Each structure stands twice: as structure tokens, then as C-alpha cells.
Amino acid sequence: IVSVFADVNGLQSGNNVWFSGVKVGTVKDIQFYGQSKVAVTVRVDVKAQEYIRKDAKVKISTDGFIGNKILVIFGGSEKSEAIREG
């Protein structure tokens, strides 16, 4: 899946992706998008895709004391479709 951000705050390929406190994937690629945005491509486990909705939000957070950046997926309504590849 792909999310677009204005600033990725040091996020790197290989960083973890979490949903409801469970690691569900990793950051696959980070590319510039348009004039001043960044597109982050995420690899999400197939088993988790059915629970993550297209209207879910994604934020960049910090993991523990070490300070590694992570992506956190949250929210989403049952009315919205589940995510799918792309």
C-alpha cells in the first residue's frame, strides 16, 4: 500500500508497520512525490489486509527508547473496503 506524507521525519526502508499493537509489515520504499511530498510504500502481511480499511489513517511514530521510526495504522470504518495491493 502507499501513503503520502509532507514529512517522513527520518523514516527509512525496513522500519516496522503496526496496526492495533501488532506488527503487520515493513516500509518497502520511500520516494519523492510531486513538489514537496513523500510517498511511502508499505509491505503489509496478507493476513492483516482484511482488517485494515481504506479510510484508515497512518502516522509516523517512535518505537521505544531507541527512537526508531515506525508507521502506525489506526482507525478505519467497517463501511469502507479493506485495503488491497497498490
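Residues numbered from 1 in each chain as written. Predicted model: local features only at pLDDT ≥ 70, side-chain atom pairs only at ≥ 80, totals over all residues. Heavy atoms only, no water.

**Some remarks on the pairing of strand β4 (residues 37-44)**
The condition that has to hold: In this analysis, strands are considered paired if DSSP registers two or more bridges between them. Secondary structure elements follow DSSP: runs of H or I no shorter than four residues count as helices, runs of E no shorter than two count as strands, and numbering proceeds from the N terminus.
Here strand β1 (residues 2-5) runs beside β4; their pairing, made up of 4 bridges, is antiparallel. Bridge pairing in β4 places V2 opposite T41. In sequence, strand β3 (residues 22-33) turns back onto β4 through a hairpin of 3 residues, with G34 there showing a positive phi of about 65°.

**A word on the pattern of salt bridges**
Rules: The rule for a salt bridge is simple: a side-chain nitrogen of Lys or Arg has to be within 4 Å of a carboxyl oxygen of Asp or Glu. Type-normalised accessible area, obtained with a 1.4 Å probe on protein chains alone, sets the label of each residue: buried when under 20%, exposed when over 50%, and partly exposed for intermediate values.
Per the stated rule, a full pass over the model turns up 1 salt bridge. Across the pair K54 and E81 runs a salt bridge, and its minimum N-O distance is 3.8 Å. Of the two residues, K54 sits in the loop between α1 (46-49) and β5 (57-63) while E81 sits in the segment after β6 (68-74), which places them 27 residues apart along the sequence. K54 gets classed as partly exposed once you look at its relative accessible area, which sits at 42%.

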